[in-house]
Amino acid sequence: MKKKIYITRKLPSVVIEKLANDFDIYMWQEEEQAVPRDVLLEQVKTADGVLTMLTETIDTEVLDAAPNLKVISNMAVGYNNIEVDEATKRGILVANTPGVLTETTADLTFALLMATARRLVEASGYLREGKWETWSPLQLTGMDIHGATIGIIGFGRIGQAVARRAKGFNMDILYYNRSRKIEAEEEMGATYADFETVLKKSDFVCLLLPYSPEVHHLISKNELSLMKKTAVLINTARGGIVDEEALYQALKNKEIWAAGLDVFEKEPVDLDHPLLTLPNVVTLPHIGSASIATRINMAQLAADNLRNALLQAGPVMKVNKPDGW
Ligand code: NAP
Ligand code: GLV
Ligand code: GLV
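Conventions adopted
Residues numbered from 1 in each chain as written. Chains lettered and ligands numbered in written order. Predicted model: local features only at pLDDT ≥ 70, side-chain atom pairs only at ≥ 80, totals over all residues. Heavy atoms only, no water. Helix = DSSP H or I, 4+ residues; strand = E, 2+ residues; numbered from the N terminus. Buried < 20%, exposed > 50% of the residue type's maximum accessible area, 1.4 Å probe, protein only. Contact = heavy atoms within 4.5 Å. Areas by Shrake-Rupley, 256 points an atom, 1.4 Å probe, with all protein chains shown as cover. Lys, Arg positive; Asp, Glu negative; His and termini not counted. Charge placed at Lys NZ, Arg CZ, Asp CG, Glu CD. Near = heavy atom within 4 Å. Polar contact = N/O pair within 3.5 Å; in protein donor to acceptor, adjacent residues only side chain to side chain. Nonpolar A, V, L, I, M, F, W, Y, C, P; charged D, E, K, R; others polar. Pairing = 2+ DSSP bridges. Axes fitted to C-alpha atoms, helices over the stretch in contact; angles between N-to-C directions. Phe/Tyr/Trp six-rings, centres within 6.5 Å; stacked < 30°, edge-to-face > 60°. Expected span 1.5 Å × (residues − 1). Salt bridge = Lys/Arg side-chain N within 4 Å of Asp/Glu carboxyl O.

Peer 1: Where do I start with the overall build of the protein chain in this structure?
Peer 2: Along the backbone of the protein chain there are twelve helices and twelve strands. Taken over the C-alpha atoms alone, the protein chain extends approximately 70 × 50 × 35 Å along its principal axes. The burial tally for the protein chain puts 50% of its 325 residues in the buried class. Long-range pairs, those at least 24 residues apart, make up 59% of the contacts in the protein chain with a sequence separation of at least 6. As displayed, the protein chain offers around 16200 Å² of accessible surface, 52% of which is attributable to carbon and sulfur atoms. One way to put it: in the protein chain the 35 positive side-chain charges average out to a point 3 Å from where the 43 negative ones average out.

Here it is as structure tokens:
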């Protein structure tokens, strides 16, 4: 009998077709809407494997509802939507999609940095709203990117890929990470500094570390007060790393200059969120990895991880190492 897999979002048919020989596939058929919680809880009852999005919270309630579950394959590199320790206790393997999205997410991080520094969204609105009456010397002036100091907090795959781009812009590169990255320091001339020094010295502070409870609100009132008044904060990691209320106050009171946010504590962010009222905030709907090629590669890698783990048929990008795996 074929094993049953549940896929929590409609994925491209090229990806699904490859799984069809080996598995009984059940799939939430919407592309733009997340699976309702009650449907997820019902579907996992009989599933051997789940291919999930970062929009699904895979917690003890889901795990308790899924007695046959052996593998959870996340279509994302971040896996803070999954209670990994609970999965490990139950002997469930968790997999993710590192690497295939590194360059695409670094591109978006740099695009957001540039858009925020040079006020692109505001400037576009200015034109379309009919405010552009003449060219003028200080109109819509922003911050220079070339030659500025970038401080990257979380210097892993994506953080280092952002640093490579920064090098091309002749930026000074500082980084903070829990472990030193000596090779990367040499390759791109990056300098390690402690957390506070990175905050104090950087013109652009970029967050690229995974979310975990220990980094909840890592950037809050005190940290924002250490940053330059002219500094720009860029968050393409996870919303929970930044205290949004403190960020709002800091931006409103001009304690920092601007922020570019691809991620929010609650997604989708509420439309009446105070941060959305500020002209010096560029907001994106979590599109870091959203190129056509990369999203297909992520879906394919998530499918390969699930298949290879359930059939013990090849490499798996493992997040945990439960007994028996
Ligand atoms: P990665 O290669 O694992 O890099 C993460 C880095 O953060 C590692 O170097 C790690 O240090 C460091 N780190 C972890 N916890 C830390 C802590 N408490 N303090 C200081 N440093 C810490 O991961 P990645 O592939 O670059 O992805 C990074 C994150 O980006 C993901 O977890 C995800 O949340 C986010 N992301 C967002 C998007 C988007 O669409 N916006 C897309 C992709 C990824 P060690 O090297 O010492 O382990
Ligand atoms: C996206 O946010 C990811 O973690 O892949
Ligand atoms: C601006 O367009 C310039 O020519 O300086």
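Now that the structure has been shown, we can carry on.
Peer 1: When you look at the site of ligand 2 in this model, what are you seeing that I'm missing?
Peer 2: For ligand 2, the full set of nearby residues is Leu 54, Ala 76, Val 77, Gly 78, Leu 101, Arg 238 and His 286. Between His 286 and ligand 2, the recorded distance is 2.6 Å, taken from a side-chain N or O atom to an oxygen atom. Here the shell around ligand 2 is built from residues that sort into four nonpolar, two polar and one charged.

Peer 1: Where do I start with the sheet that holds strand E3 (residues 49–52) in this structure?
Peer 2: Taken in spatial order, the five strands make up an open sheet running E2-E1-E3-E4-E5, and their pairing is parallel. The open sheet has two free edges, formed respectively by strand E2 (23–27) and strand E5 (93–95), since each of these has just one partner strand. Across this sheet, the average inter-strand angle for adjacent strands is 15°, counted without regard to direction. The sheet strands contacting helix H1 (residues 13–20) are strand E1 (3–7) and E2, and the helix crosses E2 at an angle near 145°. In the packing of helix H12 (residues 292–311) onto the sheet, contacts are made with E1, E2, E3, strand E4 (71–74) and E5, and the angle to E4 comes to roughly 165°.

Peer 1: Where do I start with unusual backbone geometry in this structure?
Peer 2: Most peptide bonds adopt trans geometry, and most residues besides glycine take a negative phi value. Going from Glu 267 to Pro 268, the amide bond is cis rather than trans, its omega being -5°. For Pro 268, the location among the structural elements is in the loop between strand E11 (258–261) and strand E12 (281–283). A positive phi angle, close to 55°, is found at Arg 119, a residue other than glycine. Its place among the elements puts Arg 119 in the loop between helix H5 (102–117) and helix H6 (120–128). Look at Gln 312: it is not a glycine, yet its phi comes out positive at around 50°. With respect to the secondary-structure elements, Gln 312 resides in the segment after H12.

Peer 1: Explain the packing of aromatic side chains to me, please; I cannot follow it from the model alone.
Peer 2: In this description, an aromatic ring pair is defined by two values, namely the gap between the centres and the angle between the planes. Evaluated as defined, the whole model comprises five aromatic pairs. Taken together, a centroid distance of 5.4 Å and an interplanar angle of 75° make the contact between Tyr 175 and Tyr 192 edge-to-face. Here Tyr 175 is found in strand E7 (residues 172–176), whereas its partner Tyr 192 is found in strand E8 (residues 190–192), with 17 residues between them in sequence. By relative accessible area, which is 0% here, Tyr 175 ends up buried.

Peer 1: What am I meant to see in the side chain of Arg 238 here?
Peer 2: Along the chain, Arg 238 turns up in the loop between strand E10 (232–235) and helix H11 (244–252). Setting aside chain neighbours within four positions, we find Arg 238 in contact with Leu 54, Gly 78, Asn 80, Tyr 211, Val 263 and His 286.

Peer 1: What is the right way to read H5 from this model?
Peer 2: Note on helix geometry: an α-helix contains 3.6 residues per turn, so any two residues three or four positions apart are oriented the same way. Taking 1.5 Å of rise per residue, 16 residues should cover 22 Å, and H5 covers 22 Å from first to last C-alpha, within 8% of that figure. Where burial is concerned, most of H5 is hidden: twelve out of the 16 residues are buried. Three or more residues of H5 are buried, namely Thr 102, Thr 104, Thr 105, Ala 106, Leu 108, Thr 109, Phe 110, Leu 112, Leu 113, Ala 115, Thr 116 and Ala 117. At the exit of H5 stands Arg 119, carrying a positive phi of roughly 55°.

Peer 1: Please clarify how the pattern of salt bridges should be interpreted in this entry.
Peer 2: When their charged atoms lie close together, side chains carrying opposite charge are able to pair. Across all of its chains, the model carries 16 salt bridges by this definition. Where Arg 119 meets Glu 122, a salt bridge forms, and the shortest distance between an N and an O atom there is 2.9 Å. Judged by its relative accessible area of 28%, Glu 122 falls in the partly exposed class. For Glu 129, the salt bridge is made with Lys 131, and the minimal N-O distance between the two is 3.0 Å. When salt bridges with common partners are traced through the structure, they connect Asp 64, Glu 86, Lys 89 and Arg 90 into a single cluster.

Peer 1: When you look at the environment of Ser 202 in this model, what are you seeing that I'm missing?
Peer 2: Relative to the helices and strands, Ser 202 resides in the loop between helix H9 (195–201) and strand E9 (204–207). For the pair Ser 202 and Leu 174, spaced 28 residues apart in the sequence, the C-alpha separation amounts to 7.6 Å. Not counting residues up to four positions away in its chain, the partners in contact with Ser 202 are Thr 149, Ile 150, Gly 151, Leu 174, Lys 228 and Ala 231. Within the structure, Ser 202 has its side chain in polar contact with the backbone nitrogen of Gly 151 (distance 3.4 Å).

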